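What follows is each chain in one-letter form.
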Amino acid sequence: SAPAQGALLYLDALRAAFPQALALRGTARFCWAPGGPRTAAGWPLPTLYCTPGEAGAVPSRAAALRLQLLVALRERGLRVLEAALPSELFDALAALRADWPGLADDLELGWLSPCPELPVDAQRRLQALLAPDAARAAELRAECTRGFEGIARRLWPQLQVVVVGTAHGGEQLYCEALQQGDCKGLPIYCPFYRVNGALLGMNLWPEEPSPRFLLCPDWAFCEFLPCAATEPPPAATALLGELWEGRDYELVLTAQPGHYRRRAGEVLRVSGFHGQCPVVQPVRREAQTLSVRGERVPEERFVRSLRRAVAMWPGARLVDYVCAESALLGASSGAGAPHYQVFVELQGLRDLSEEQRSKLDRCLQEDFPTYKSFRFKGSIGTLRLHLVAPGAFARLREVTGHPQPMPRLLRDRRLLSAIQSSVIS
């Protein structure tokens, strides 16, 4: 089956690039899985993990990640940090920054802090795994007192790699934040390419900074629509052997026998070939576009403009963002023409002047002429930018109620209401 083949290819690629990575109990897993264990590898490998499955099955996401962090801190000889989503590892390490004195106390006493969401029998099993470790607690206190840049390698000196289940779209922000902060100096490896739950490709190059995936012909039936410069795209699809290097294609997927053939909404770029099979890089999701007047600004174009604007705000680092069309917010969006409402979480900056806020609208006009045209005509109003409190997006992920990547272009009124409640300016 595709999952079994993929898991074997993953283990072989990981061993070839990082020979010590497959040590017994050398991998700590960070994932919130209230419905059962999940792994970035796609296949549970109990002998590799030091993390018990029940630690991720707690109904509370924050409690699950803290439990997994406490278990990981006991193991000084870890080789791999694995997370189904980069944001899960980011939030777990944020819990370390926020509560390291409490975690050190738990390590020293061999004590599991009470967790109301955890069933009593599971709490007993987890408690049985802990033993007092004053030396490790002292090491944790000493390293956290020094600061948190590169903290992962300081706490786990034998770490070789971070493995994540996805590294594109909005989750790419968290990969970059990890590499610039807590996991500085560690490569991030995304082994698999999945679409709509179907396993399609494998990353055979763990040490490369930008993931690319070999499409495996037996795992699903894929067709490809060439992305044309003008709409509509060509009607004829291409097969795996008919793709051209350097071109973009929209994926048409028939994942399993009996499943409907449909456009998956994923655009891929062919970066080369491995043997006769194409190697691709995800470019964008077609469904993720902003369009208050039919301008259709793709998500990757929007975030490119947002990054440019953030670079003009001294000291600011982008943590995460969501954007919504003003019509979804009703009266709370204010009067005027339809416009974009943008909510950002930043590190290093707590307020923005009106001049700084206007830079995002200017960047978007420079990067997307159609948007500029509508702004000039007045049919699209000025973009409105809001700062949210630190940790707002971690709480928003808890609100979603399911362990999946969160969309950055929101159309869910419940999530919009939750992020609005976190606005600080």
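Small disclaimer: the values here were computed from a predicted structure and weren't measured.

(A) Quick peek at the pattern of salt bridges. Counted under the stated rule, the structure contains 33 salt bridges. D106 is paired through a salt bridge with R66; the nearest N and O atoms lie 3.3 Å apart. Here R66 lies in helix 2 (residues 61-74) and D106 lies in helix 3 (residues 86-109), a separation of 40 residues in the sequence. You can call R66 partly exposed: its relative accessible area is 21%. If you follow the salt bridges from partner to partner, you end up with R61, D91, E171, D320, R397 and R408 in one network.

(B) Quick peek at the domain arrangement of the chain. Domain assignment breaks the chain into domain 1 (2-190), domain 2 (211-286) and domain 3 (289-421). On a C-alpha basis, the centres of domain 1 and domain 3 stand 31 Å from each other. With 21 residues of domain 1 at the contact, the number on the domain 3 side is 18 residues. Among the residues domain 1 hides against domain 3, the three largest losses belong to W32, L173 and Y174. Together they make up 36% of the total. Linking domain 1 to domain 3 there are three salt bridges. A salt bridge links R397 to D91, with the shortest nitrogen-to-oxygen separation between them at 2.9 Å. Applying the counting rule to domain 1 against domain 3 returns eight residue pairs in polar contact (both at pLDDT 80 or more). Looking at the side of domain 1 that touches domain 3, the elements with two or more residues in it are helix 2, helix 3 and helix 7 (172-180). Residue composition of the side of domain 1 that touches domain 3, by class: eight nonpolar, six polar and seven charged.

(C) Quick look at the packing of helix 8 (residues 299-311) against helix 9 (residues 354-367). Taken N-terminus to C-terminus, the directions of helix 8 and helix 9 make an angle of 130°; their axes are 8 Å apart at the nearest point. In terms of orientation, helix 8 and helix 9 fall into the oblique class. Remark: the crossing between helix 8 and helix 9 carries right-handed chirality. Two secondary-structure elements touch here, helix 8 through R301, F302, S305, L306, R308 and A309 and helix 9 through K359, L360, C363, L364, E366 and D367. In the contact of helix 8 with helix 9, the residues fall into six nonpolar, one polar and five charged.

(D) Geometry of the UniProt feature "domain: GH3 C-terminal" (unreviewed entry) in the chain. What UniProt calls "domain: GH3 C-terminal" (unreviewed entry) maps, in this numbering, to residues 305-398. Helix makes up 39% of residues 305-398 and strand 22%. Its end C-alpha atoms lie 28 Å apart.

(E) Molecular detail of the nonpolar core. With 85 residues, the main nonpolar core has F30, L81, L96 and L200 as its most contacted residues. Setting aside anything within four residues of it in sequence, one finds L96 in contact with L69, L73, L103, L140, C144, F148, I151 and L155. Ranked by size, the runner-up nonpolar core spans 31 residues in total, among them V292, L318, V344 and L387.

(F) Main features of the sheet that holds strand 5 (residues 192-195). Strand order in the open sheet formed by seven strands is 5-6-7-11-10-9-8, with antiparallel pairing between adjacent strands. Two strands in the sheet have a free side with no partner beyond their single neighbour: strand 5 and strand 8 (221-226). Ignoring which end each strand starts from, the neighbouring axes of this sheet average 50° apart. Bridging between strand 7 (residues 213-215) and strand 11 (residues 277-285) involves two bridges; their strand directions are antiparallel. Counterpart to F213 in the pairing with strand 11 is V280. Lying over the sheet, helix 1 (residues 2-17) contacts strand 5 and strand 6 (198-202), oriented at roughly 30° with respect to strand 6.

(G) Examining the sheet that holds strand 4 (residues 188-189) more closely. Strand order across the open sheet formed by four strands is 1-2-3-4, with parallel pairing between neighbours. Two strands lie at the open edges of the sheet, namely strand 1 (27-30) and strand 4, each paired on one side alone. Bridge count for strand 2 (residues 80-83) against strand 3 (residues 161-164) is four bridges, and the pairing is parallel. Bridge pairing links V80 to V161 in strand 3. The strands that helix 3 touches are strand 1, strand 2 and strand 3; relative to strand 1, the one it contacts most, it runs at about 100°.

(H) Inspection of unusual backbone geometry at higher detail. For R25, which is not glycine, the phi torsion reads 55° and is therefore positive. Topologically, R25 is positioned in the loop between helix 1 and strand 1. One non-glycine residue with positive phi stands out, namely R296, at about 50°. Within the secondary structure layout, R296 lies in the loop between strand 12 (289-290) and strand 13 (297-298).

(I) Broad picture of the pairing of strand 3. Side chains V161 and V163 project from strand 3 onto one buried face, and the interleaved V162 and V164 project onto a second face that is buried too. Direction of pairing for strand 3 relative to strand 4: parallel, over a ladder of two bridges. Looking at the pairing, V162 lines up with I188 of strand 4. Viewed along the sheet, the connection from strand 3 through helix 7 into strand 4 turns out right-handed.

(J) Inspection of the packing of aromatic side chains at higher detail. Evaluated as defined, the whole model comprises seven aromatic pairs. Considering the side-chain rings of F224 and Y249, the 6.3 Å spacing of their centres and the 80° angle between planes classify their relative orientation as edge-to-face. One end of the pair, F224, is in strand 8; the other, Y249, is in strand 9 (residues 248-254), and 25 residues separate them in sequence. Here the two residues F224 and Y249 agree in accessibility, since each one is buried. Connected via pairs of aromatic rings, a cluster forms that spans Y10, Y189 and F192. The cationic tip of R29 hangs over the ring face of Y49; the distance from NZ or CZ to the ring centre is 4.4 Å. Sitting over the ring of F90, R97 keeps its end group 5.6 Å from the ring centre.

Criteria and thresholds
- Residues numbered from 1 in each chain as written.
- Predicted model: local features only at pLDDT ≥ 70, side-chain atom pairs only at ≥ 80, totals over all residues.
- Heavy atoms only, no water.
- Salt bridge = Lys/Arg side-chain N within 4 Å of Asp/Glu carboxyl O.
- Helix = DSSP H or I, 4+ residues; strand = E, 2+ residues; numbered from the N terminus.
- Buried < 20%, exposed > 50% of the residue type's maximum accessible area, 1.4 Å probe, protein only.
- Domains from an automatic or database assignment.
- Contact = heavy atoms within 4.5 Å.
- Buried area = accessible area lost by both parts, 1.4 Å probe.
- Polar contact = N/O pair within 3.5 Å; in protein donor to acceptor, adjacent residues only side chain to side chain.
- Nonpolar A, V, L, I, M, F, W, Y, C, P; charged D, E, K, R; others polar.
- Axes fitted to C-alpha atoms, helices over the stretch in contact; angles between N-to-C directions.
- Parallel < 35°, antiparallel > 145°, perpendicular 65-115°, else oblique.
- Left-handed = near helix turned anticlockwise from the far one by under 90°.
- UniProt positions renumbered as here; feature names shortened; annotations may be inferred.
- Core = buried A, V, L, I, M, F, W, Y, C linked by side-chain atoms within 4.5 Å.
- Pairing = 2+ DSSP bridges.
- Right-handed = clockwise from strand over helix to strand, strands pointing away.
- Phe/Tyr/Trp six-rings, centres within 6.5 Å; stacked < 30°, edge-to-face > 60°.
- Lys NZ or Arg CZ within 6 Å of the ring centre and 35° of its normal.

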